[in-house]
Structure formats: C-alpha cells, structure tokens
Amino acid sequence: MASERMTRIAAKDVASNRRRGGDLRTLLSPVTAKATAGFMGVLTLEPGEVVTEHYHPYSEEFLYLVSGEILARIDGEPVPLAAGEALHLQINARHRLENHGTEPAFMVFQLGPLAPRPELGHVDTEPLPGQEQA
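The structure presented is a predicted model; accordingly, all values stated were derived computationally and were not measured.

Asks: How would you explain the packing of aromatic side chains if you had to name every residue and give the values?
Replies: Where two aromatic rings form a pair, the distance of their centres and the angle of their planes describe that pair. Inspection of the entire model under this criterion finds 1 aromatic pair. For the ring pair F39 and F109, a centre distance of 6.4 Å and an interplane angle of 80° mean the geometry is edge-to-face. One end of the pair, F39, is in strand β2 (residues 39-45); the other, F109, is in strand β9 (residues 105-112), with 70 residues separating them in the sequence. The class of F39 is buried, set by a relative accessible area of 18%.

Listed below in structure tokens is the structure:
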C-alpha cells in the first residue's frame, strides 16, 4: 500500500535476494517507497548460512537481531550478536554475517545515506556464493 505520505510493504511480498547469501529482502527503498535517505529490510540466515564480506563506501549500516544468534566479522574481528542486540557499522567497515547456531537468525537492517548510484552501494571483498574459485 502506498500513498503520497507513506508506504507499507510486507516482507512476504518482496522477492528474496540471495546474491550474497541468506534470504535478504529490501522492503523500503528508492524503488519501493521513493525513499531518499536510505533503505531498510530484513535478513533471515538459516543455520550454516553466511552473508559474504562486503562494505558500503557511502552508507553506515544499522543491524538489529530480532531472533537467533549470529557471528558478525567486522574488519575481520569476530563480534557475537544475540537476539535483542543491535550493531552500528561505520561507512567502509568490512562486514560478514555467519549463523553458526541451530536456529534461523532474523535481522532488521537499515542503511543511509544512499550511494550516488545503486551499483556503488556495495563493494564485495570475497567471492559470492556459487562464484568461489576452484
């Protein structure tokens, strides 16, 4: 549902992006909500899944773990997160998310400000799933 003053979107109605791993759904963005300051979404990581390492050259990122537990690697340093904890990542902080637990992890994320162009928003620093070198 969208109007001139607001947009409401359900996660189930947004296509999953699995490019970097996990089930990532960008809910509110320039495309879906005409957002101008950033975007937000949700991530589900099943046990054993990871989001490959990357960084954002224009945006800081805010993460809130709703359920489960994950290990975040920030510039290579392990940072465990439990449900109910939040993490703030500065611009250019390399980060990787790993679920070593036995339950799915569910997280909400928000990034801002926006990169000048969408393709400049993420810089991958390791091979994406399915693109590993032999």
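Asks: Break down the nonpolar core for me, with residues and values.
Replies: Counting residues in each nonpolar core, the largest one holds 18 residues, and the members touching the most others are L45, L63, I70, L87, L97 and M107. Elements with a minimum of two residues in this core: β2, β4 (60-67), β5 (69-74), β7 (86-89) and β9. In terms of residue count, β9 provides more of this core than any other element does, 4 residues in total. Discounting residues that sit within four places of it in the chain, I70 has contacts with L45, L65, V79, P80, L81, L97, E98, A105 and M107.

Asks: Can you break down the environment of A82 residue by residue, with the values?
Replies: Looking at the secondary structure, you find A82 in strand β6 (residues 77-82). Ignoring anything within four residues of it in the chain, the contact list for A82 reads L65, G68 and E69.

Asks: Talk me through the pairing of β9; I want residue IDs and the actual numbers.
Replies: Both β2 and β9 contribute to a ladder of 7 bridges, which runs antiparallel. In the sheet register, M40 faces β9, and the bridge partner there is Q110. Alignment of β4 against β9, held across 7 bridges, turns out to be antiparallel. Each residue of the ladder has a partner; that of E61, found in β9, is L111.

Asks: Hey, could you go over the pairing of β4 for me, with residue numbers and the actual values?
Replies: Sheet analysis places β4 next to β7, joined by 4 bridges and oriented antiparallel. Along β7, the bridge assignment pairs F62 with H88.

Asks: Describe the sheet that holds β5, with residues and values.
Replies: A sheet is described by the order of its strands in space; here 5 strands give the open sequence β6-β5-β8-β3-β10, paired in antiparallel fashion. With one partner strand each, in any of the chains shown, β6 and β10 (123-124) form the two edges of the open sheet. Bridge count for β5 against β6 is 6 bridges, and the pairing is antiparallel. In the sheet register, L71 faces β6, and the bridge partner there is P80.

Definitions and cut-offs
- Residues numbered from 1 in each chain as written.
- Predicted model: local features only at pLDDT ≥ 70, side-chain atom pairs only at ≥ 80, totals over all residues.
- Heavy atoms only, no water.
- Phe/Tyr/Trp six-rings, centres within 6.5 Å; stacked < 30°, edge-to-face > 60°.
- Helix = DSSP H or I, 4+ residues; strand = E, 2+ residues; numbered from the N terminus.
- Buried < 20%, exposed > 50% of the residue type's maximum accessible area, 1.4 Å probe, protein only.
- Core = buried A, V, L, I, M, F, W, Y, C linked by side-chain atoms within 4.5 Å.
- Contact = heavy atoms within 4.5 Å.
- Pairing = 2+ DSSP bridges.

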